[in-house]
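For reference, the chains in residue letters:
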Amino acid sequence: MKNSIKIFVLLLLFSFNSNAQNNYQIKKATSFSEHAATQLELSDEDQKFIYDTYIAKFMNDRENVFGKDLSNDERKAVYKASSKKLRQSMKVRFDQPTTAAIMKAVLELQKKNQ
């Protein structure tokens, strides 16, 4: 009985932690997409595409990094590959100058929020 309670409590704590991380990723993707869309006067559909692209990136990063015993260099390699994939995904919908402008707007927002 005590073991069942301990397992339940651990699962509950893990659930809260996972939900908090997902909420953080959603908030981050929302702010990135809203800021880029506002700065570049993009359509709602374009903003949604940017949001979806960033959510996919964050979930992929989490899957490849979270809970794994990676060195800093290994983490950097994962994030670098993820950023490259993000840019490639953006280029499917936007031309090179627009993609660069989106990335620049997001970078400015990140620096502003640090």
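Calculation rules
- Residues numbered from 1 in each chain as written.
- Predicted model: local features only at pLDDT ≥ 70, side-chain atom pairs only at ≥ 80, totals over all residues.
- Heavy atoms only, no water.
- Helix = DSSP H or I, 4+ residues; strand = E, 2+ residues; numbered from the N terminus.
- Buried < 20%, exposed > 50% of the residue type's maximum accessible area, 1.4 Å probe, protein only.
- Contact = heavy atoms within 4.5 Å.
- Areas by Shrake-Rupley, 256 points an atom, 1.4 Å probe, with all protein chains shown as cover.
- Phe/Tyr/Trp six-rings, centres within 6.5 Å; stacked < 30°, edge-to-face > 60°.
- Salt bridge = Lys/Arg side-chain N within 4 Å of Asp/Glu carboxyl O.

## Overview of the overall build of the chain
Argument step 1. A count of helical and extended segments in the chain gives four helices and zero strands.
Argument step 2. Across the chain, helices and strands are ordered from the amino to the carboxyl terminus as α-α-α-α.
Argument step 3. Sorting the 114 residues of the chain into buried and exposed places 25% on the buried side.
Argument step 4. Here the contacts in the chain between residues at least 6 apart in sequence split such that 65% fall between residues at least 24 apart.
Argument step 5. Accessible surface, the chain: about 8300 Å² in total, of which carbon and sulfur atoms supply 55%.

## Section: the packing of aromatic side chains
Argument step 1. By the definition in use, this model includes four aromatic pairs.
Argument step 2. Judged by centre distance (5.2 Å) and plane angle (75°), the rings of F32 and Y54 are edge-to-face. Here F32, found in helix α1 (residues 2-40), pairs with Y54, found in helix α2 (residues 44-65); they are 22 residues apart in sequence, far enough to count as distant. Summarising the burial analysis for this pair, F32 and Y54 share the class buried.
Argument step 3. Between the aromatic rings of Y54 and F58, the centroid separation amounts to 5.8 Å while the plane-to-plane angle is 40°, which identifies the pairing as tilted.

## Concerning the pattern of salt bridges
Argument step 1. Evaluated as defined, the whole model comprises three salt bridges.
Argument step 2. Notably, a salt bridge pairs D46 with R93, separated by 2.7 Å at the nearest N-O pair. Here D46 is found in helix α2, whereas its partner R93 is found in helix α3 (residues 72-93), with 47 residues between them in sequence.

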